Every structure is written in C-alpha cells, then in structure tokens.
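# Summary of the model geometry
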Amino acid sequence: MQENQAGSAGEPVDVIVVGAGIAGLAAAGELARAGRTVMVLEKSRGLGGRMATRRFAGAVCDHGAQFFTVRTPPFEGIVTAARGAEKVRPWCEGFFKAGSLDRAPENAGDGHARWCGSQGMTDLPKFLAGTLPAETCTIRLGTKLASLGIDGGNVRACLDDGSMLSARAGVLTAPVPQTLDLLAAGGLLVTAEGRYAAPPAGALDPEAILALAEVGYDPCFALMLVLKQPSLVPAPGGIQFASGPLAWLGDNFQKGISSLPALTVHASGAFSREHFDTPPEEVSRMMLEAVRPWIDLGDGAGAIVEQSLHRWKFATPTSILPEPLVAVCREPPLVCCGDAFAGPRVEGAALSGLAAGSWLADLLAG
Ligand SMILES: Cc1cc2nc3c(=O)[nH]c(=O)nc-3n(C[C@H](O)[C@H](O)[C@H](O)COP(=O)(O)OP(=O)(O)OC[C@H]3O[C@@H](n4cnc5c(N)ncnc54)[C@H](O)[C@@H]3O)c2cc1C
C-alpha cells in the first residue's frame, strides 16, 4: 500500500478516485497536475486493474490485457514518457489470425505497432502511479469501497471495513455494473423492473443512469500455463481466433516477459458466458484440449508444469457509450469513466480517464 499525506489529517480530500486501473491513474494525474488533492482507492493488492501480470511457478504471465495500441496524441504522450523510463516497448506489428481452431493461422501483421509493458502489462499503470506527486496524491491498495453516497454536500465513501472517507468530488472507474452497485448501496439508486434507476428528485441524473444501465460486459476465462518446452505458437508469439472456444493465445516467453515458457489462453466471450458457472477444473480441461496443438508434448509426460485459471467477470464492454465521461451528479460532482466510454481497451480507457480528470479539474477550479 502506498500511503502519503493527502487526506491523512482527517481533512476531506478534493477527489476520491475509485480504481487504480489505467483510467483511474490517468484521471488522478490530470487532477494532481491541476493542484487537487486526490485519494485513489483500489480493492486489489496491486495496481493496473485489467492490465494484470501474474508471477507463478517461476514464470510471468500477462493474464488481462495483452498489448495496446497508440493511435492518439494524448495517449502517445503517456507512452512516450513511459518508454523513456524503459517501462514499455513495441512488441510487434500484428499477430497470426485463425478463422477457427482447425484452420492454420495466417500472419496478419499490418505494420501498426502493438505495445506491451517491458516486464509485464502492469508496468504502464505502475509508471503512471509513480508520476503522481506524493504530497497531494494517495493510493490506497487493498481498499474496497462498499458504497458511495452523498452527505452534507460531499461525496461519502464507505469502505468495506466500515470506515468512512469524504471528498468534494468522485471519479468512478470500476466496470459500470460495479459502479452502479456502489451508488445503489449508497442509497442513490433504486431498483425498478430489475434494473437500476435514479429516483425522481434524487441527486443523480436519471438520463445518465439510464444510459449506464445499458452497458454490459463479456466475461473471460484466462488460463495460464507454464510449459516444459517452448510453445509451438509462431513468432512474434500471439494468435487471435475469430471463432470457437478461444479468442487469444499468447506466448509470454516470446513476448520477452517470462524467462520460462508460459502461455496465456483467453476463452472467447461466448465460451466464457456459457461456462461462467462451470466448475473451474472442467473449464481448464476444455481450454487445454483446444490449445493442445500449440504445445510441444515431447514424450507426453509433464509438458505442462503448472496451470492456473482466472475468471474475469467484466472483461470487455459489449457496447460503448458515445462520450468519454458521464457525469451522474453535479453537486457534488460524480463522474464515471473507463473503457466503456467513447473508446474501448487500454487506449480508450486512458483517454476516458484523462477526459474525466480534466473535466473535473476545470469544474473544481470554476
Ligand atoms: C482478458 C482480457 C484481455 C484484454 N485484452 C486487451 C488487449 O489485448 N488490449 C487492450 O487494449 N485491452 C485489452 N483488454 C481490455 C483492457 O484491459 C481494459 O479496457 C482496460 O484495462 C480498462 O481499464 P479501466 O481503468 O477502465 O478499468 P480497470 O482496469 O478494470 O480498473 C478498474 C479498477 O477498479 C477497481 N475496483 C472495482 N470496484 C472497486 C471497489 N468497490 N473498490 C475499490 N476498487 C474497485 C478494480 O479492482 C480495478 O482495478 C483486455 C481485458 C481483459 C479482461
């Protein structure tokens, strides 16, 4: 946990940011540059959210986002600074693509750079966190919000250990259904016909809540495999599947982040939805079966040294809202952002976080 001065004297901070993924950290940076005190609250023990890297059995696997693109000047600014600090690097210019599992993948390099973290995808969010000024910004890891409400004109965050924090404003970057759960637990939403709604004459904007309630996500199973031999995945180490049970097969050894041969296998949205509640051993067995053609089985014994399955409940949004941020409340300001706002994936989430941070900084300055 990173602890420093902001909010530690019991004074309300200017802004509470929920989530230390790329959107939350980008927003925190904008607010800090505008001179605001910021407290970032993150339920996990590590930074990065869905930009996630796991070390196990001596190997390193990115098990959330695998790579990112850099198509816009604001994100290019972040990536250039991170590259200068040797935290990110270009990986390749495209991967192999396969129509289905039984079709040979074809090289689909398109000349457009795919980037990755130098030692793993968490390197970029860690870099951003390291640029936040310690005097005015606090990041509290392992700190889960239980509810988000409004009290005396301030944002009131209740943590799951029962303690309370307050702030002049909030930036909400959790996947949208989780954000709505927090607002409902804070008494700001009601349930009508099985979905959340803002009560009439309540604090939240009913239109904004209506739009947010439409946002859905695909889940994703990520199977990580440590192998005895290097895999049979073609260079540069990734296959994207258009149909079937798998969506992605990534070789962390060829990617240059793992000193041991190790694969990350992502199931497709359809497979992950269908098997969301299937016992994990059965899911691993089915995914392993699908991925076997790219594993060097050698004499058949012990080709897979270790395996681990992770289930992402909210992996990727199935629809994207048109604006980079949605303000659900003006007094006190509460703004939602992340990869479901204006552009998906890592780059979209970063741009949305920057937009939300700068919008709120302007509002607080006014
Ligand atoms: C399996 C998978 C593969 C992907 N592949 C790619 C890819 O190759 N390229 C690409 O560009 N994108 C990819 N993505 C998407 C990309 O990871 C996301 O778009 C991006 O990381 C989203 O960032 P974010 O900050 O919006 O959200 P997140 O990273 O989800 O951050 C939100 C944070 O909020 C925290 N949080 C939630 N609730 C609470 C609470 N109650 N209290 C405190 N903290 C809370 C979460 O722990 C999380 O850290 C992939 C995602 C997944 C899951």
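Residues numbered from 1 in each chain as written. Predicted model: local features only at pLDDT ≥ 70, side-chain atom pairs only at ≥ 80, totals over all residues. Heavy atoms only, no water.

### Quick notes on the side chain of D62
- One can find D62 in strand β4 (residues 59–62).
- Discounting residues that sit within four places of it in the chain, D62 has contacts with A52, T53, G120, M121, N252, K255, I257 and T264. (Helix = DSSP H or I, 4+ residues; strand = E, 2+ residues; numbered from the N terminus. Contact = heavy atoms within 4.5 Å.)

### Things to note about unusual backbone geometry
- Residue P236 follows A235 across a cis peptide bond; omega there is 10 degrees.
- Tracing the backbone through its elements, the reader meets P236 in the loop between β15 (217–227) and β16 (238–241).
- In this structure, E193 takes a positive phi of about 50 degrees despite not being glycine.
- Among the structural elements, E193 can be located in the loop between β13 (190–192) and β14 (195–197).
- The backbone of A342 sits at a positive phi, close to 75 degrees, despite the residue not being glycine.
- Along the polypeptide, A342 turns up in the loop between β21 (334–336) and α9 (345–365).
- According to the relative accessible area criterion, A342 is partly exposed, its value standing at 43%. (Buried < 20%, exposed > 50% of the residue type's maximum accessible area, 1.4 Å probe, protein only.)

### Brief notes about the pattern of salt bridges
- As enumerated under the stated definition, the model contains 11 salt bridges in all.
- Between D339 and R50 there is a salt bridge, and its shortest N-O distance comes to 2.7 Å. A residue pair is termed long-range when its members are at least 10 positions apart, and D339 in the loop between β21 and α9 and R50 in the loop between β2 (38–41) and β3 (53–56) qualify at 289 residues.
- The exposure class assigned to R50 is partly exposed, which follows from its relative accessible area of 24%. (Salt bridge = Lys/Arg side-chain N within 4 Å of Asp/Glu carboxyl O.)

### Concerning the sheet that holds strand β18 (residues 262–267)
- The mixed open sheet is built from seven strands, whose spatial order is β7-β6-β16-β17-β18-β15-β19. One side of each edge strand has no neighbouring strand; the edge strands of this open sheet are β7 (106–107) and β19 (304–317).
- Across three bridges, the pairing between strand β6 (residues 96–98) and β16 is parallel. Each bridged residue has a counterpart across the sheet, and for K97 the counterpart in β16 is Q240. (Pairing = 2+ DSSP bridges.)

### What about the domain arrangement of the chain?
- Looking at the chain, the domain boundaries give domain 1 (13–49 + 126–215 + 321–365) and domain 2 (53–69 + 84–118 + 217–317).
- Spacing between the C-alpha centres of domain 1 and domain 2 amounts to 31 Å.
- At the interface, 12 residues of domain 1 touch 11 residues of domain 2.
- Of the roughly 930 Å² buried where domain 1 meets domain 2, counting both sides, 69% is carbon and sulfur surface.
- Among the residues of domain 1 in contact with domain 2, F127, D339 and V346 are the three that bury the most area, contributing 35% of the side total.
- If you look at where domain 1 meets domain 2, you find zero salt bridges.
- Within the residue set of the side of domain 1 that touches domain 2, elements represented by two or more residues are α4 (176–185) and α9.
- Each residue belonging to the side of domain 1 that touches domain 2 can be placed in one class, and the counts come to seven nonpolar, two polar and three charged. (Domains from an automatic or database assignment. Buried area = accessible area lost by both parts, 1.4 Å probe. Nonpolar A, V, L, I, M, F, W, Y, C, P; charged D, E, K, R; others polar.)

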